[in-house]
Structure formats: structure tokens, C-alpha cells
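Observations on chain architecture
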Amino acid sequence: FGKAATAMALATAQIVAPSNLPTQGMVITKDDHATPEQMVELSQSHNIDVHFASHPIPDQRSVDHSRQLIDDLRNVNMEDGNGNGNCNSTLIINCISGGGSAAFCSPIPPLGLEHMSQLNSQLLAC
């Protein structure tokens, strides 16, 4: 996640692709920080979805996509790719770039999105 997340995900997927390992994933990036070509390649060739969120102030999309990513990680399928459920070698790669703190925002109560947005605004004013 972050402003360079799309480019990082694409480069990582292209490096992993020759291994023929199954891939899937999620990118959370700033609006307009993914080209249509990048989105198509990530989706069709690598099973990686691109989602957009606000930067530098997090918005509800940041929270929604972050929570989806957390849920996806909790539910990682530990199969070996052949339907066998005894695999303990699922590889998870997390690429974080500038803007990641706004793109990936999952406040835990009693803090909420409003608190995080206000904090980011105050920090930006320094």
C-alpha cells in the first residue's frame, strides 16, 4: 500500500511469475496512481486487485480496503496449490511506500477515522 504500491506489486508479481506459484493480492494506492494497463495486468495475469484511497488524509475507502486486506490475510488458504490442506509455506509479501499510512488506515476503537484524519491534518500543518 502507498503511492508506489501499484508499481511495486507489478514488479514483484513479474519476479514471482516464472515460479508458476499461484498469486493473489490487493493494492491500496492513492487515486490516479495506477494506469489502466497496470490494473489490467495485475488483475488478469496475477490475480491482484487495485483499490484506491485518499492521500494524505485517510478516508472511508482507506478504512474499508484496509479492513478487507486484514480479513483476507486472516483467511489465507493454507493449501499447497493442489488442494492439499497441509501446506505451511504460504508466502506473503507486503510492499509499503510513501503514503502508506493514509492508504492503510484501520483505527481501533475508541479511535476512529475522524481521529486519524485530524491527526494527519495536524501533522501536515507542522
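On a predicted model such as this, the values are computed, not experimentally measured, just so you know.

1. Focus on the confidence of the model for the chain
- For the chain, mean pLDDT is 91; residues scoring 70 or higher make up 90% of the total.
- By mean pLDDT, helix α4 (residues 100–103) is the weakest element of the chain at 92, and strand β2 (residues 48–53) is the strongest at 98.

2. Side note on the packing of aromatic side chains
- One pass over the structure, following the stated rule, counts one aromatic pair.
- With a centroid separation of 4.5 Å and 20 degrees between ring planes, the pair formed by Phe1 and Phe104 is classed as stacked. You can see Phe1 sitting in the segment before α1 (5–16) and its partner Phe104 sitting in the loop between α4 and α5 (113–125), a full 103 residues away along the chain.
- Residue classification places Phe1 among the buried residues on the basis of a relative accessible area of 13%.
- A residue is classified by how much of its surface remains accessible, and Phe104, at 25% relative accessible area, is partly exposed.

3. Here we look at helix α2 (residues 36–46)
- Restricting attention to buried positions, one finds in α2 the residues Gln38, Leu42 and His46. Considered in projection along α2, the buried side chains sweep an arc of 35 degrees and stay on one side of the axis. Of the exposed residues in α2, those oriented more than 90 degrees away from the buried face are Pro36, Glu37 and Gln44.
- Packed against the buried residues of α2 are α1, β1 (25–30) and β2.

4. Topic: the pairing of β2
- Where β1 meets β2, six bridges bridge the pair, whose relative direction is parallel. By the bridge assignment for β2, Lys30 is matched with Ala53.
- A crossover links β1 with its parallel partner β2, the connecting element being α2, and its sense is right-handed.

Parameters and conventions
Residues numbered from 1 in each chain as written. Predicted model: local features only at pLDDT ≥ 70, side-chain atom pairs only at ≥ 80, totals over all residues. Heavy atoms only, no water. pLDDT = per-residue confidence, 0-100. Helix = DSSP H or I, 4+ residues; strand = E, 2+ residues; numbered from the N terminus. Phe/Tyr/Trp six-rings, centres within 6.5 Å; stacked < 30°, edge-to-face > 60°. Buried < 20%, exposed > 50% of the residue type's maximum accessible area, 1.4 Å probe, protein only. Arc of directions from axis to C-beta. Contact = heavy atoms within 4.5 Å. Pairing = 2+ DSSP bridges. Right-handed = clockwise from strand over helix to strand, strands pointing away.

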